[in-house]
Amino acid sequence: MIHIQTPMLHSALLSAQVGTNIWLKMDALQPTASFKARGVGHACTKYVEEGATLLVSSSGGNAGLAVAYSSRQLGVPATIMVPKVTPQRAIDLMRAEGATVQIEGESWLEAHTEALKLAESPEAAYIHPFDDPYVWEGHSTLADEFVASGVPFDGVILSVGGGGMLTGVVMGLKRHGLDVPVLTMETKGADSFYTAVTTNEHITLPEITSIANTLGAKQVAAKAFALRNEHPIFSDVITDKTAVDACARFLDDHRLLVEPACGATLLAVYGKNSFLEGKKNVIVIVCGGAGITKETLEGFLQMEA
Ligand SMILES: *Cc1c(COP(=O)(O)O)cnc(C)c1O
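Residues numbered from 1 in each chain as written. Predicted model: local features only at pLDDT ≥ 70, side-chain atom pairs only at ≥ 80, totals over all residues. Heavy atoms only, no water.

Colleague: Provide a residue-level description of the sheet that holds strand β4 (residues 78-82), including the pertinent values.
Modeller: Reading across from one edge, β5-β4-β3-β6 is the order of the four strands in this open sheet, with parallel pairing throughout. Each having just a single partner strand, β5 (100-103) and β6 (124-126) make up the two edges of the open sheet. Strand-to-strand twist of the sheet, defined as the mean angle between neighbouring strand axes without regard to direction, takes the value 25°. Where strand β3 (residues 54-57) meets β4, three bridges bridge the pair, whose relative direction is parallel. (Pairing = 2+ DSSP bridges. Helix = DSSP H or I, 4+ residues; strand = E, 2+ residues; numbered from the N terminus. Axes fitted to C-alpha atoms, helices over the stretch in contact; angles between N-to-C directions.)

Set out below in structure tokens:
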């Protein structure tokens, strides 16, 4: 297993603020600093079992880092193709895991196209960041751990980028026969799920304008979109500024630094989202993210409202 079982902590501080028990599912503690270790780790494991001897990714973010980490754990090489604009720190983190990081083209699409070409060889496997049943299966272990905790939870809050985590969690809940409602959080400018759900169309955003680049999938997975009719899912969208403020508050309250992608979920608590009303025990997935430093947080905090 690539991922670890993470603690689920009762936050006395946040619970008192909102009058609902808040349980923090601490996936920021995963070896790659995000829940991606679950789904991506599982997908890499499966593809290697099926004979892959090279793992390929085009993500310069948490998914790429999880592929790099998984490859080292599995003893199989990984090649991550990223565009020129990728921050040096992200490249360094992946190289530290022993991955080959290749700079390809100006935009993500160019890097992605090259990665797909490389993955065409029969011994290679391309690891999609969110749209792969193996990835969902791996993320569904979150729900297994919710159930194993024994907490009688009546709500789950999580962030949505391409909807891989949402799909995995809902699949896991269903497997346990649970129809516990889920609140999805996104930032404005990366709100592909919110827009799809509210217009009832599987839309593609023209561009990503949010700083929460980890949530920046222009279109969510078709499976994630279909879930709106299969499970009680509530969807909300907030601003970058409030997501960043939530990161800063969480750093003070729980001494953990997370990406704005995760701050979006935390804001559902700090902003007393109406989803909390009437609920007794709500699980908040602290999805984490490696793409933040003290310096970048400080920069984000200078942002105008
Ligand atoms: C990938 C990621 C998300 C979004 O997950 P999806 O499966 O793409 O919806 C949210 N937060 C963090 C920290 C991530 O790495």
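There's more to say after this.
Colleague: An account of the side chain of Asn62 is requested, with residue identities and associated values reported.
Modeller: With respect to the helices, strands and loops of the structure, Asn62 is situated in helix α3 (residues 62-74). Engagement of the side chain of Asn62 in a polar contact is seen with the side chain of Glu259, the distance being 3.1 Å. A polar atom in the side chain of Asn62 sits 2.9 Å from the backbone nitrogen of Ala290. (Polar contact = N/O pair within 3.5 Å; in protein donor to acceptor, adjacent residues only side chain to side chain.)

Colleague: Before we move on, can you summarise helix α2 (residues 36-49) with the specific residues and values?
Modeller: The end-to-end C-alpha distance of α2 is 19 Å, a good match for the 20 Å that 14 residues give at a rise of 1.5 Å each. Of the positions making up α2, those classed as buried are Lys36, Ala37, Arg38, Gly39, Val40, Gly41, Ala43, Cys44 and Tyr47. Where α2 is buried, its residues contact β2 (21-25), β3, α3, β6, α6 (133-139) and α7 (141-149). Just downstream of α2, Gly51 is the residue with a positive phi angle, here 115°. (Expected span 1.5 Å × (residues − 1). Buried < 20%, exposed > 50% of the residue type's maximum accessible area, 1.4 Å probe, protein only. Contact = heavy atoms within 4.5 Å.)

Colleague: A description of the sheet that holds strand β1 (residues 8-11) should follow, citing residues and the corresponding values.
Modeller: Taken together, the six strands give an open sheet; going across it, the order is β1-β2-β10-β7-β8-β9, and neighbouring strands pair in mixed fashion. The sheet is open, and its two edges are formed by β1 and β9 (233-238), each paired on a single side. Between one strand axis and the next, the sheet turns by 25° as a mean value, whatever way the strands run. Inspection of the sheet shows strand β7 (residues 155-159) paired to strand β10 (residues 281-285) by three bridges, in the parallel sense. Opposite Val156, over in β10, you have Ile283 as the bridge partner. Helix-sheet contacts for helix α12 (residues 260-270) involve β2, β7, β8 (182-187), β9 and β10, and the interaxial angle to β7 is about 145°.

Colleague: Account for the environment of Gly216, naming residues and giving values.
Modeller: Here Gly216 is to be found in the loop between α9 (192-199) and α10 (222-226). Looking at Gly216, the relative accessible area reads 31%, which means it is partly exposed.

Colleague: Describe in detail the packing of helix α11 (residues 240-254) against α12, supporting the description with residues and values.
Modeller: Across the interface, α11 lies against α12 with an axial gap of 7 Å and an inter-helix angle of 80°. Between α11 and α12, the interaxial angle falls into the category roughly perpendicular. On the side of α11, the interface is formed by Thr242, Ala243, Val244, Ala246, Cys247, Arg249, Phe250 and Asp253, while α12 contributes Pro260, Gly263, Ala264, Leu266, Leu267 and Tyr270. Grouping the amino acids of the contact of α11 with α12 by side-chain chemistry returns 10 nonpolar, two polar and two charged. (Parallel < 35°, antiparallel > 145°, perpendicular 65-115°, else oblique. Nonpolar A, V, L, I, M, F, W, Y, C, P; charged D, E, K, R; others polar.)

Colleague: Please provide a residue-by-residue account of the site of the ligand, values included.
Modeller: What surrounds the ligand is a group of 17 residues, the closest being Lys36, Gly161, Gly162, Gly163 and Met165. Interatomic distance of 2.8 Å between a side-chain N/O atom of Asn62 and an oxygen atom of the ligand. Taking Gly162, its main chain carries an N or O atom lying 2.8 Å from an oxygen atom of the ligand. Coverage of the ligand by the protein amounts to 98% of the 380 Å² it exposes when considered alone. Residue classes in the shell around the ligand are distributed as seven nonpolar, nine polar and one charged. (Near = heavy atom within 4 Å. Areas by Shrake-Rupley, 256 points an atom, 1.4 Å probe, with all protein chains shown as cover.)

Colleague: Could you give me a rundown of the nonpolar core, with the residues and numbers involved?
Modeller: By size, the foremost hydrophobic cluster in this structure holds 69 residues, and its most contacted members are Phe146 and Val156. A per-element tally of this core places α12 first, with eight residues. Contact partners of Phe146, with chain neighbours within four places excluded, come to Met8, Lys25, Val151, Phe153, Val156, Val169, Leu173, Ile283 and Ile285. Ala52, Leu65, Val76 and Ala125 belong to the second-largest nonpolar core, a separate cluster that totals 23 residues. (Core = buried A, V, L, I, M, F, W, Y, C linked by side-chain atoms within 4.5 Å.)

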